[in-house]
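# Overview (structure and organization)
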Number of protein chains: 2
Amino acid sequence: VILYDISMTIEPGMAVYKNKAEKNPRLIVTRDFTDSAVYETRLEMDLHTGTHIDMPRHILPAGDSSDHWTAESIFTRCAVLDFSDLESDRITALSLEQKTAELEGAVPLFGRERAVLLKTANSQRESFDFNFTFLEKSGAAYLAEKQTAGVGIDALGIERDQPGHETHRTLLEAGAWILEGLRLAKVPQGFYILALMPLKIAGVEALPARAVLLSPDAIKIS
Amino acid sequence: VILYDISMTIEPGMAVYKNKAEKNPRLIVTRDFTDSAVYETRLEMDLHTGTHIDMPRHILPAGDSSDHWTAESIFTRCAVLDFSDLESDRITALSLEQKTAELEGAVPLFGRERAVLLKTANSQRESFDFNFTFLEKSGAAYLAEKQTAGVGIDALGIERDQPGHETHRTLLEAGAWILEGLRLAKVPQGFYILALMPLKIAGVEALPARAVLLSPDAIKIS
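Bear in mind that the values here come from a model prediction, so they are computed numbers and not experimental data.

### What to know about the sheet that holds strand β2 (residues 26-31) of chain B
One open sheet accounts for four strands, arranged β2(A)-β3(A)-β3(B)-β2(B); its pairing is antiparallel. The sheet is open, and its two borders are formed by β2 (26-31) of chain A together with β2 of chain B, each paired with just one other strand. Direction aside, the axes of adjacent strands within the sheet are offset by 15° on average. One ladder, built from five bridges, connects β2 of chain B with strand β3 (residues 40-46) of chain B; its direction is antiparallel. Residue pairing across strands places L27 of chain B opposite L43 of chain B, the latter belonging to β3 of chain B.

### Notes on the packing of helix α2 (residues 137-145) of chain B against helix α3 (residues 166-173) of chain B
Residues and elements named next belong to chain B. Across the interface, α2 lies against α3 with an axial gap of 8 Å and an inter-helix angle of 5°. It follows from the interaxial angle that α2 and α3 lie roughly parallel. On α3, the residues that touch K137, A140, A141, L143 and A144 of α2 are E166, T167, T170 and L171.

### Here's the deal with the packing of aromatic side chains
The way to describe two aromatic rings as a pair is by their centre distance and the angle between their planes. Across all of its chains, the model carries 15 aromatic pairs over all chains by this definition. With centroids separated by 5.9 Å and ring planes inclined at 65°, the aromatic side chains of F128 of chain B and F132 of chain B adopt a geometry described as edge-to-face. Residue classification places F128 of chain B among the buried residues on the basis of a relative accessible area of 10%. In textbook terms, an aromatic cluster arises when at least three aromatic residues are bridged by ring pairs, as seen for Y17, F128, F130 and F132 of chain A. Over the ring of F83 of chain A we find K99 of chain A; its NZ or CZ atom is 5.5 Å from the centre of that ring. The lysine or arginine in question, R160 of chain A, covers the ring of F132 of chain A, its NZ or CZ lying 5.5 Å from the ring centre.

### What about the interface of chain B and chain A?
Often, the extent of an interface is quoted as the loss of accessible area on bringing the components together. Taken together, the 57 residues of chain B in the interface contact 57 residues of chain A. For the pair chain B and chain A, the two sides together bury roughly 5,200 Å², of which 60% comes from carbon and sulfur. Three residues stand out in chain B for area buried against chain A, namely R42, K200 and R210 of chain B, and they jointly supply 16% of the buried area on that side. Applying the counting rule to chain B against chain A returns six salt bridges. Linking chain B with chain A are 26 residue pairs in polar contact (both at pLDDT 80 or more).

### Observations concerning the side chain of T167 of chain B
Position of T167 of chain B relative to the elements: it lies in helix α3. Those residues in contact with T167 of chain B that lie beyond four places of it in its chain are L135, E136, K137, A140, I158, E159 and Q162 of chain B.

### Thoughts on unusual backbone geometry
Phi at K18 of chain A is positive, roughly 55°, even though this residue is not glycine. Owing to a relative accessible area of 38%, K18 of chain A belongs among the partly exposed residues under this scheme. In the Ramachandran plot, H165 of chain B falls in the positive-phi region, its phi being about 50° despite a non-glycine side chain. When you line up the elements, H165 of chain B lands in the loop between β9 (150-153) and α3. The partly exposed category is assigned to H165 of chain B, whose relative accessible area is 25%.

### So, the relation of the copies chain B and chain A
In summary, the two copies of the chain are related to each other by a rotation about an axis coupled with a shift along it. Aligned on chain A, chain B shows an RMSD of 0.0 Å; the corresponding rotation is 180° and the shift along the axis is 0.0 Å. On the angle and the small slide along the axis, the relation comes out as a two-fold axis. Across chain B, the rotation axis passes nearest the C-alpha of E44 of chain B, at a separation of 2.2 Å. The share of interface residues of chain B whose copies in chain A are also at the interface is 100%, consistent with both copies meeting through the same surface.

Rules used in this analysis
- Residues numbered from 1 in each chain as written.
- Chains lettered and ligands numbered in written order.
- Predicted model: local features only at pLDDT ≥ 70, side-chain atom pairs only at ≥ 80, totals over all residues.
- Heavy atoms only, no water.
- Pairing = 2+ DSSP bridges.
- Helix = DSSP H or I, 4+ residues; strand = E, 2+ residues; numbered from the N terminus.
- Axes fitted to C-alpha atoms, helices over the stretch in contact; angles between N-to-C directions.
- Parallel < 35°, antiparallel > 145°, perpendicular 65-115°, else oblique.
- Contact = heavy atoms within 4.5 Å.
- Phe/Tyr/Trp six-rings, centres within 6.5 Å; stacked < 30°, edge-to-face > 60°.
- Buried < 20%, exposed > 50% of the residue type's maximum accessible area, 1.4 Å probe, protein only.
- Lys NZ or Arg CZ within 6 Å of the ring centre and 35° of its normal.
- Buried area = accessible area lost by both parts, 1.4 Å probe.
- Salt bridge = Lys/Arg side-chain N within 4 Å of Asp/Glu carboxyl O.
- Polar contact = N/O pair within 3.5 Å; in protein donor to acceptor, adjacent residues only side chain to side chain.
- Least-squares fit on C-alpha atoms with pLDDT ≥ 70 in both.

See below:
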């Protein structure tokens, strides 16, 4: 039933936002077999490392923290939209309109029970690209208006170079979750069930997560 | 389809093994709204914090690391065995034999496709108990002999006070995974599907995970 693991691998030297050294994860061995019977490691990493969910608190001072993310959101129907051949570096309302015209038919694309995952040229490189493809604010407004459950993207940020973080703001204010750091190179455009399970950390603005895609008939969900 | 979230909440001050201060997780705010447009946090924690899977490398110097844990292991049929009323502080082969006699019938309990989760009095307290109920080595041998896929327990360790870590060793050498730090207070004895999704961290001896129980007919798995 599991078709694709779309999570980034967490390790020292992995791509981190803007290649900032302080954002690199660290793995510190605290006990090993030279003087102990067990091997143990301590992890240090930003909550926005690798595949993670942004909570409203990340951008909105009065926004909800991770305490409001419940296990009800683990399984969501989703559409992977393939923008790998996009000529621009940003996904706009127009790009989304054209793409969804291709896909819409028997299966609805939008609504509170469905999410959208954006596949772009970002999935073709492992290193951080300062010019990564992002969801432009008009695209965010388009998806918010369609009442999407959430939006995922194969970049460490869902936007860049937009004053006021309007893409984040528009989606989070509309109650949609934001999932960053996906790996979609092998995933064909189409319909899936997203299984999204973040660590259960109290009171924070982002949650590192494992994300996999299941076949659309794998589980009985609405 | 999601019946129970059986994961521990990760936060400063949570129960950690033997209450060791250095095992406490830390959440360090690196940016906030006083001087930034975003809120960001860095996490420091042992990989054995809260709900986590032990890899063979934790105990066996030549054992596999997390690189060998694949997404294939996300969904596993499991039985929750309730030992809350056990008079002893350890689950032995005899305890398991008596308990499984109660349950065995139409649904098989054991085999490579099925896991066992041990519910004990541990689930009734939040703080670390130095005398926590554990799986005694004879119990581990019993489960290894039954070729279980994995064993979970509602303690931060699956064993204590056994020289050579024989419970870990017996299970890991038999190819069974070990899942520690479960919360099972509300879960009735019975059959479920365990959805177990750890962070994808390369080359380590343990993986922090989210774990939830689904109804046994939720997904078509073997």
